[in-house]
Amino acid sequence: MNFVLPGIAKRKESFLYSMMLKGLFILLLFADQVAAQSCSDTAADDRTKMFFKQLLKLQERYTVFGHQDALAYGVGWKGISGNSDVKAVTGDYPGLYGWDIGHLEMQKEANLDNVSFRDMKKYIREGFERGGIITISWHLRNPLTGGSAWDTAKGTVASVLPGGNRHEIFKTWLDQVAGFMHDLKDKYGKPIPVLFRPFHELTGNWFWWCKNVCTPDEFKALWRFTVSYLREQKKVHHLLYVYNTAGFTSESDFMASYPGDDMVDVVSFDQYQHKTGTGADRQGFIDDMKRKLTILCQVASRRNKIAALAETGLETVPDRQWWTAVLWPVIKDFSLAYVLVWRNHGYMPSIRRMHYYAPYPGQQSAQDFKKMTKYPRMLLEKGIRKINVYQ
Ligand code: BMA
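It should be emphasised that the depicted structure is a prediction, and the values quoted were computed from it without experimental measurement. (Residues numbered from 1 in each chain as written. Predicted model: local features only at pLDDT ≥ 70, side-chain atom pairs only at ≥ 80, totals over all residues. Heavy atoms only, no water.)

Going through the model one piece at a time under the given rule, you end up with 28 aromatic pairs. Here the aromatic rings of phenylalanine 51 and tyrosine 390 are separated by 5.1 Å at their centres, their planes lie at 25°, and the arrangement is stacked. On the criterion of sequence distance, the pair formed by phenylalanine 51 in helix H2 (residues 46-58) and tyrosine 390 in the segment after helix H12 (381-387) is long-range, its members being 339 residues apart. Among the residues examined, tyrosine 390 registers a relative accessible area of 8% and is labelled buried. The lysine or arginine in question, arginine 130, covers the ring of tyrosine 93, its NZ or CZ lying 3.7 Å from the ring centre. (Phe/Tyr/Trp six-rings, centres within 6.5 Å; stacked < 30°, edge-to-face > 60°. Helix = DSSP H or I, 4+ residues; strand = E, 2+ residues; numbered from the N terminus. Buried < 20%, exposed > 50% of the residue type's maximum accessible area, 1.4 Å probe, protein only. Lys NZ or Arg CZ within 6 Å of the ring centre and 35° of its normal.)

Shown next, in the form of structure tokens:
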């Protein structure tokens, strides 16, 4: 009889063992799910981790409207405290504020569009304290030639990577960025979470990090070095990273230079309407945007990332119904956390024309803009404050 028992015991044992394995497997799967729904920086501070989760949730129901340089100037004004063209039209501030730190790397006092960094920090704090979201881009100069961000000299990316002859200089640039980010603190001295969008529009052909002048591997190495340096050497842990392309033809085109889920929180692209007519011009833009947004949102949902239209617009908005008849139809069916329009510079002597993307009072699309911002899905600052994406 004895000889049967060990057999049964063994079977039982192996049954228990396989159940345990199964349990472990399910646990691991679950842990993986949980991990995937967290921000990419495992050492991010609690508020930044929460910010990521809230935006991930928010995009299912809302899209935040953003404006570049909103508080610094607008069409016909500059440096008026509390002013904003979006507010002048709608009565509310944009829910998202875009800023650019180009020229910070040169230790200049003001950025490439003449917004002083000291003012920028003040505006960022103001917007944040009201419940707004902050995103920062970086039109950094060419570290190899000394030219602008638009100097597409070949070999620039390779020169800043470890082993390249501009690597040490590039590190000092990142030190400047880290210093700026560390200065962004709320009234209690806690870091303000920021959506950081370096090396943007990588699928274009106009910046030194664009795909026509560096390989996908070089781009990934640039990204990975930058993020690791900011995290590990400079202890910057309040950033969400925004991967951003210009146009693309397919998912593989969009993802060709993707540096990895551990270094990206938001997937996004920039796309402007260039043809100003209505009719076929409108429809062409709408169809193209929908095709791209379908790809973007599939990527985001598969990877548990936030999706955004990081820059868009129609310069001077000559189409009176651009907001409700173009932008809205484009975005309304997608889970997009935010959409941002570029800066309201006003008249630009260098290009001999007006350069702005949000309406101002009296501008021909102002009423239509107001209408769009009242749609329940669209959030300006009061809406985002109610939700509180930081808690
Ligand atoms: C471009 C234009 C430029 C500006 C640059 C960086 O699209 O608005 O005038 O210098 O962005 O903000």
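Having seen it, we continue.
Here we come to the state of the cysteines. This model, assessed by the stated rule, comprises zero disulfides. Lacking any disulfide linkage, cysteine 210 is separated from the closest cysteine sulfur, that of cysteine 214, by 8.0 Å. Residue classification places cysteine 214 among the buried residues on the basis of a relative accessible area of 8%. (Disulfide = S-S within 2.5 Å.)

With that settled, consider the site of the ligand. Taken together, Leu112, Asp113, His139, Trp150, Trp342, Arg343, Met348 and His355 form the complete shell of residues around the ligand. Residue aspartate 113 places a side-chain N or O atom 2.5 Å away from an oxygen atom belonging to the ligand. If the ligand stood free it would expose 310 Å²; the protein chains cover 77% of that surface. Taken together, the residues that form the shell around the ligand break down as four nonpolar, two polar and two charged. (Near = heavy atom within 4 Å. Polar contact = N/O pair within 3.5 Å; in protein donor to acceptor, adjacent residues only side chain to side chain. Areas by Shrake-Rupley, 256 points an atom, 1.4 Å probe, with all protein chains shown as cover. Nonpolar A, V, L, I, M, F, W, Y, C, P; charged D, E, K, R; others polar.)

Everything listed here is a matter of geometry and, on its own, says nothing about what the molecule does.
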